[in-house]
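# Reading the structure
The residues making up each chain are set out below.
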Amino acid sequence: MVLWAEVLTSIVKFLIFPGIVFSFVVGLFFEGIDRKISAHMQHRIGPPIWQPFLDVGKLFTKEDITPSNAEGWLFNFAPYLGFGAIITVMLMLPVYAAQPAFSAAADLIVIIYLLNIPALAIMLAGVSSSSSFGTVGTERYVVQLFAFELPFIIASLTVAAQANWTLSLEGIVAYQQANGWLLWELPLAAAAILLVAPGKLLKTPFDIPEAETEIVYGPLTEYSGPKLAVFNVMENIKILAVAGFITALFLGGPTAHVIAGVQIPAIVDFLIKTIAILILITLIRTVTARLRIHQALKFYWGFVAIIALINLVYVMVI
Amino acid sequence: MSFVVPVGPQHPALEEPEHFRFTVEGEEIVDVDFRLGYMHRGIEKAFEEKSFPRALYLAERICGICSGIHSIACVEAVEELAGVEAPRRARFLRTVLAELERVHSHLLWAGIAAHEIGFMTLFHLTWRDREHVLDVLEMLTGNRVNYAANKIGGVRFDVEPKHLGKISNVLDDLEEDALRYMDVFTSDRTITARCEGEGVLSKGEALRLATVGPTARASGVDEDMRRDDPFAAYGEIDVDVKTAEGGDVLANAEVRLSEILESINILRNAVEQLPEGPLSVDAPKKIPEGQATNRVEAPRGELLYHFKSDGGEKPSRGKVRTPTMANIPAIIEKLKGETIAEIPIVVASIDPCFCCTERVQIVDKNTGKTQTLTKKELREMREE
Amino acid sequence: MPKLIPDVLKNLFSKPFTLKYPFEKREPPENFRGKPKVDREKCVSCGLCERICPPGAITLDDEEKPVFDLGICIYCAECVDACPVEAIEKTKEYELGVYDRSKAISK
């Protein structure tokens, strides 16, 4: 292909689809859907689905304050670090086809680590903000990260093991298109990774690092204005990224269907699957209370890691 | 590495402003220091400026949640001073008011406790059911809080036959809901993980610290002013006092939720046995000289009103001792050895109502400066 | 399994408990203590309401008829009970917000 055309498509992919604009819009709609469904479950009306756009817009008009005792450069840099990482993850997920937007380095291990950079950004934000709430929040987030990372990696490796040890998401999606969803073949690993999802996304019962009634807002307590808006958008895109990752691993990724003669593009299938995972996360969030950090650690390294391990051993032995 | 976590005066965990300073190492609390005084409004002084009927309205506004019981306590103290006895029907109606308020207050507590442990759904659902109680109160008295229901010599509202249908429906629904919440609170795994064994107050400590109300009953102390020092119509109605063992947050929840069920029974009895008769008798404007103390069982514990009159139209001294004031040392005892995650739920487990509590202030006669006492200073003064 | 799942699913598929105020309003009950209103024809200018009002929200104007300051009024309806000719009635109005404090009166 001519070089300028390739560069142009890459820029469009990065900026618009599935890069910044698409992730931004869909991520914020996901938060809106989550809040609306949660509100109806609580027998009330709740905000309209487009409310997160208004929230982010309002935050961009507010004053940007840096506490005088904070580590200035780190405090200001942390949101953009996280945002950049999560956009990179979106560019490496299969969103509109089995092949991701930038497939050169799109590898399972790379994505697992990139998905932790937003968490790292929040931790850095917490310690650099000179507030004791931030410090406590970061301490809890470090423990929680160690807690859920173990079963997450075990479950992901189980999928890779089943798909003949291919580590690229494209290969895993292709394997599922040939052999059916891995959800049915590896149910325990799927259950493990669905239990890890609230932990990764800081949703009840695992919203311990940002426990509102205990430590105000945890690591992000001192943030305001545009930087808080960037963190907010980053957290919402993370929902889309984690749901997309689980879709690619267990639900067959984006597949195009033909129903009654109508061609349905793969992106619609992708959105339906990710919204289904979102609704599951919302249900879990609505019916549980917040756990304590050592109870979360015990849960993840106990029950969840064990079921993931059982499935891994099963795949490797049989 | 220890550092200080300040909680309050503005904090999502607190419903009213108070200030706690926790010195923590990691997650474990090593030391607690607290200071109150943010809600001090000078009400006891204001009592001296107002005639007795107006002081009644002021007493009602000390607290929003328990405003009815403050009004009952105040008016009975004044009636004792004036030598006036409210008619039997009025006393039964006051019982109805007190019990309805107990139900709504305990449902509010259940919601707040759920909110403190991050369980927003239970918060919304309990407050939704509380709306029905407030509707009944509005139907009977004309307002959801600050009922303006009492006057010296009787009451100003009535339960009419046309109200009975709605009251009965609401009580039936509430009984179902209270049983459901009792089931959820005692058996849901995430709630028991957060509440069981947290904030333990042993029976010995509860007695030593003179804890009152459901907080004491959750530690096994069998004390209830409705049975032990009857006010309103409680002398004629049986009250089954609920206690629990353990003194932790879960025991507090059990006691309060079973008290809702007991209140529903008392309400049914009171409404059924409502005697005929006048709603009020006349009371003198000038209250004879003397002092009177009245103790009632507010939703949070024993509430004490003391009035002193010198024969005029205004009280010469009014004193209020609210249950949360008696329970504050219990918070300190409960928080020893806990972690940061327990702070909101343990503080909430005594059902604090800090706007009721603020009464202590010292004025230094020489310099005219006011000073609020810190806990350390109070303890030092006590030991002197 | 979390205990609240049946309640939550039942709520998801039923009408919300919230009323869309101001488009849907609740009718206050009969005893509701709203804005006090005086019938100037019936009033005999005895001044009892002014004396009994706990916060002192009632003043008598030039014609010796009561004027209620709604910012000070605590809506206790003592004036309604005190009036010997039942000239004051408690209405069901509760939407009494104004932008100008001097307009918060009831005559």
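Residues numbered from 1 in each chain as written. Chains lettered and ligands numbered in written order. Predicted model: local features only at pLDDT ≥ 70, side-chain atom pairs only at ≥ 80, totals over all residues. Heavy atoms only, no water.

### Some words on the overall build of chain C
Spelled out, the test is: The secondary structure listing takes helices from DSSP runs of H or I that are at least 4 residues long and strands from runs of E that are at least 2 residues long, numbered from the N terminus. As defined in this context, the radius of gyration uses C-alpha atoms, and a globule is described by 2.2 Å times the residue total to the power 0.38. Three labels apply to residues, based on accessible area from a 1.4 Å probe with only protein chains included: buried if under 20% of the type maximum, exposed if over 50%, partly exposed otherwise in between. Note on contacts: a residue pair qualifies if any of its non-hydrogen atoms lie within 4.5 Å across the two residues. Each accessible area is a Shrake-Rupley result for a 1.4 Å probe, and residues are judged covered by the shown protein chains and nothing else.
Secondary structure assignment for chain C yields three helices and five strands. Overall, chain C shows an N-to-C arrangement of helices and strands of α-β-α-β-β-α-β-β. Taken over C-alpha atoms, the radius of gyration comes to 21 Å for chain C, far larger than the 13 Å a tight globule of 107 residues would show. Each principal axis of the C-alpha atoms in chain C carries an extent, and together these give about 70 × 30 × 25 Å. Across the 107 residues in chain C, those meeting the buried criterion constitute 35%. Of the contacts made within chain C by residues no fewer than 6 positions apart, 67% connect residues no fewer than 24 positions apart. For chain C, the accessible surface area stands at approximately 6900 Å², while carbon and sulfur atoms represent 55% of it.

### Some remarks on the confidence of the model for chain C
Residues and elements named next belong to chain C. So the rule is basically this: The predictor attaches a confidence to each residue, called pLDDT, with possible values from 0 through 100.
The pLDDT averaged across chain C works out to 90; a share of 100% of its residues lies at or above 70. Across chain C, the secondary-structure element scoring lowest on mean pLDDT is strand E5 (residues 105–106), at 88, and the one scoring highest is strand E3 (residues 66–69), at 93. What the predictor reports for the complex is a pTM of 0.90 with an ipTM of 0.91.

### Details of the sheet that holds strand E3 (residues 28–35) of chain B
All names here are of chain B. Using the following cut-off: A pair of strands is labelled paired if DSSP reports no fewer than 2 bridges between them. Axes, fitted as lines to C-alpha atoms, cover a helix only where it is in contact. Angles between the N-to-C directions of the axes lie from 0 to 180 degrees.
An order of E1-E2-E3 is seen for the three strands of this open sheet, with the pairing classed as antiparallel. A strand with exactly one partner marks an edge of an open sheet, and here the two such strands are strand E1 (2–7) and E3. Neighbouring strand axes in the sheet, compared pairwise and without regard to direction, differ in orientation by 20 degrees on average. Where strand E2 (residues 19–25) lies against E3, seven bridges are found, and the strand directions are antiparallel. Residue pairing for E3: Phe20 is matched across the bridge by Phe34. Against the sheet, helix H12 (residues 323–335) touches E2 and E3, its axis set at about 165 degrees to E3.

### Some points on the pairing of E1(B)
Residues and elements named next belong to chain B. On E1, burial follows the alternation: Phe3, Val5 and Val7 on one face are buried, whereas Ser2, Val4 and Pro6 on the facing-out side are not. Examined bridge by bridge, E1 and E2 share six bridges and lie antiparallel to one another. Opposite Val5, over in E2, you have Phe22 as the bridge partner.

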